[in-house]
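# Breakdown of the fold
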Amino acid sequence: MKINGDLPIPRDVIQQILDSPIPYETEEIEQQSKDLLATLTKPEEVDVAAQSSYAYWLATLSDQPPTEGEREKMALREMRRHLAKTTFEKAQELLQGTIQIRMEHRIDIIRACFMESIEYDSEEDEKLAKKMRSMIELDLKDQICVVRGHDKEKLAILTIFARTAKGNSDEAFLFVMLYAMERATAATEFLSLGANEKLMVVLDFGSFKASSAPSWNASKAVAMVLQHHFPERLRRLLILDPPFWLRTMYAMVSPFLDPLTKAKFQVCSGERQKRKVIAEFVDADQAMPFMLPDGKLVGDVVVPHYTRNVPFHEGYHNPPK
């Protein structure tokens, strides 16, 4: 896979991210990260780990690819995240699962499928990209998942709106969630030039109907993938106006979530509570009106504009009039 023409981001900006220091908590974590990286015996595994960085992935498509040292460094970032709050053995197990998921679900094509300047390695990859484009756009129209605005820590805000229809398939639901998470982590990476790695998620399910809910199997699969294979990405999760069905679903999914993940959840019901909680984390100029009455990010989300015109690493902005 390669990009014909200019990168969507200047190469010197990408370089700033590649040069950003790894936020090791302790010297012990730094050494464990290096030890975990040493368990990857295949170069392609190291590269897949490094490609958890959108900036690194873009650089691999450029005429100035990353160095071996930069590949190792960006892979070490993924090692550090996997080691957070778990044992070395468990981190190794989860890391292998993450690499397998990123390869099987072709995260590279999920990122690239709406980019017109991409040249794919094979006709098969090009067909897969076309399939992903169709599935993602169709499912996003049933449930808008959009990166729009950032919180006071300059972390991207991923907002998932109420689902309006059952959806096309469990596979499409998973593709959309992976697409949404990849866009959100890319947005935080570029907002902070690599200094931050987490994001804020807002679930607005106030008008959602139980008949539109994804299947239990799809919900469970997505929960497991996001928890285990996007480690240390979630800063906080706000659940707004949850109806009874959502509380029931959370009760079913909750046993699969570790205590540290559950501690990041905050449930808000009613306008007063929503305003109080959201205003603590988000300024009005980075909020949509349903979050804060004086939110400045106005206008409906136009899905084809978001997927095709707004760069992958940027938050939603309205189409030109």
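For the structure itself, look to the data block above.
Here's what I pulled together on the structure shown here. What you see is a predicted model; the values in this text were computed from it and never measured. (Residues numbered from 1 in each chain as written. Predicted model: local features only at pLDDT ≥ 70, side-chain atom pairs only at ≥ 80, totals over all residues. Heavy atoms only, no water.)

The subject of this paragraph is the side chain of Arg233. Tracing the backbone shows Arg233 in the loop between α10 (216-229) and β6 (234-240). Here Arg233 sits buried without a salt bridge, and the closest side chain of opposite charge, Glu78, lies 4.7 Å off (N-O distance). Look past the residues within four positions of Arg233 in its chain and what remains in contact with it is Ser52, Arg81, Met181, Thr185, Glu197, Lys198 and Leu199. (Helix = DSSP H or I, 4+ residues; strand = E, 2+ residues; numbered from the N terminus. Buried < 20%, exposed > 50% of the residue type's maximum accessible area, 1.4 Å probe, protein only. Lys, Arg positive; Asp, Glu negative; His and termini not counted. Salt bridge = Lys/Arg side-chain N within 4 Å of Asp/Glu carboxyl O. Contact = heavy atoms within 4.5 Å.)

Another aspect to go through is the sheet that holds strand β5 (residues 199-204). Strand order in the open sheet made by the five strands is β3-β4-β5-β6-β7, with mixed pairing throughout. Sheet topology places β3 (145-150) and β7 (265-268) at the edges, where each strand pairs with a single neighbour. Sheet twist, expressed as the average angle between the axes of neighbouring strands with direction ignored, equals 20 degrees. (Pairing = 2+ DSSP bridges. Axes fitted to C-alpha atoms, helices over the stretch in contact; angles between N-to-C directions.)

Attention now goes to the nonpolar core. Ranked by internal contacts, the top residues of the largest apolar core, which has 103 residues, are Ile14, Ile136 and Leu158. When residues of this core are assigned to their parent elements, the largest contribution, 14 residues, is made by helix α9 (residues 170-191). What Leu158 contacts, discounting residues up to four positions off in sequence, is Cys145, Val146, Val147, Ala180, Met181, Ala184, Leu199, Met200, Val201 and Val202. (Core = buried A, V, L, I, M, F, W, Y, C linked by side-chain atoms within 4.5 Å.)

As a packed pair, helix α1 (residues 11-19) and helix α5 (residues 68-83) sit with axes 10 Å apart at the nearest point and diverge in direction by 60 degrees. One way to sum up the angle between α1 and α5 is to call them oblique. Where α1 abuts α5, its residues Gln15, Ile17, Leu18 and Asp19 lie against Glu70, Lys73 and Met74. Class assignment for the residues of the contact of α1 with α5 results in three nonpolar, one polar and three charged. (Parallel < 35°, antiparallel > 145°, perpendicular 65-115°, else oblique. Nonpolar A, V, L, I, M, F, W, Y, C, P; charged D, E, K, R; others polar.)

Below, the discussion takes up the pairing of β5. Each regular strand carries side chains that alternate between the two faces of the sheet. With respect to burial, β5 is a largely interior element, six of its six residues being buried. Taking every second residue as pointing to the same face, both faces of β5 are buried, with Leu199, Val201 and Leu203 on one and Met200, Val202 and Asp204 on the other. Across five bridges, the pairing between strand β4 (residues 156-161) and β5 is parallel. Each residue of the ladder has a partner; that of Phe161, found in β5, is Asp204. Judged from the six bridges that link them, β5 and β6 form a sheet pairing that is parallel. The partner of Leu203 across the bridge, within β6, is Ile239.

Turning next to helix α6 (residues 88-104). Its 17 residues give α6 an end-to-end C-alpha distance of 24 Å, which sits within 8% of 24 Å, the value for a rise of 1.5 Å per residue. Three or more residues of α6 are buried, namely Ala91, Leu94, Leu95, Gly97, Thr98, Ile99, Ile101 and Arg102. One or two steps after α6, the chain reaches Arg106, where phi turns positive at roughly 50 degrees. (Expected span 1.5 Å × (residues − 1).)

This part takes up the packing of aromatic side chains. Overall, the coordinates contain seven aromatic pairs when judged by the stated rule. An angle of 55 degrees between the planes, with centres 6.0 Å apart, marks the rings of Tyr306 and Tyr316 as tilted. Linking Tyr306 in helix α14 (residues 303-308) with Tyr316 in the segment after α14, this pair joins segments that are ten residues apart in sequence. Each member of the pair, Tyr306 as well as Tyr316, carries the same accessibility label: buried. (Phe/Tyr/Trp six-rings, centres within 6.5 Å; stacked < 30°, edge-to-face > 60°.)

Within the secondary structure, His305 is located in helix α14. For the pair formed by His305 and Pro23, sequence separation is 282 residues and the distance between their alpha carbons is 35 Å. Not counting residues up to four positions away in its chain, the partners in contact with His305 are Val310, Tyr316, His317, Asn318 and Pro319. At a separation of 2.8 Å, a polar atom in the side chain of His305 contacts the main-chain carbonyl oxygen of His317. (Polar contact = N/O pair within 3.5 Å; in protein donor to acceptor, adjacent residues only side chain to side chain.)

In this section: unusual backbone geometry. A positive phi is found at Arg106, a non-glycine position, where the angle reads about 50 degrees. Structurally, Arg106 can be placed in the loop between α6 and α7 (107-112). You can call Arg106 partly exposed: its relative accessible area is 21%. Despite not being glycine, Leu193 shows a phi value in the positive range, around 50 degrees. Within the secondary structure, Leu193 is located in the loop between α9 and β5.

Right, let's get into the pattern of salt bridges. Under the definition given, this model contains 23 salt bridges. A salt bridge links Arg81 to Glu197, with the nearest nitrogen and oxygen atoms 3.0 Å apart. Placement of the pair is Arg81 in helix α5 and Glu197 in the loop between α9 and β5, with a sequence separation of 116 residues. Across the pair, exposure class does not vary: Arg81 and Glu197 are buried alike. For Asp139, the salt bridge is made with Arg163, and the minimal N-O distance between the two is 2.9 Å. Here the residue Asp139 occupies a position in helix α8 (residues 123-142), and Arg163 occupies one in the loop between β4 and α9, the gap between them amounting to 24 residues. Salt bridges sharing partners connect three or more residues here, namely Glu25, Arg77, Glu78, Arg80, Arg81 and Glu197.

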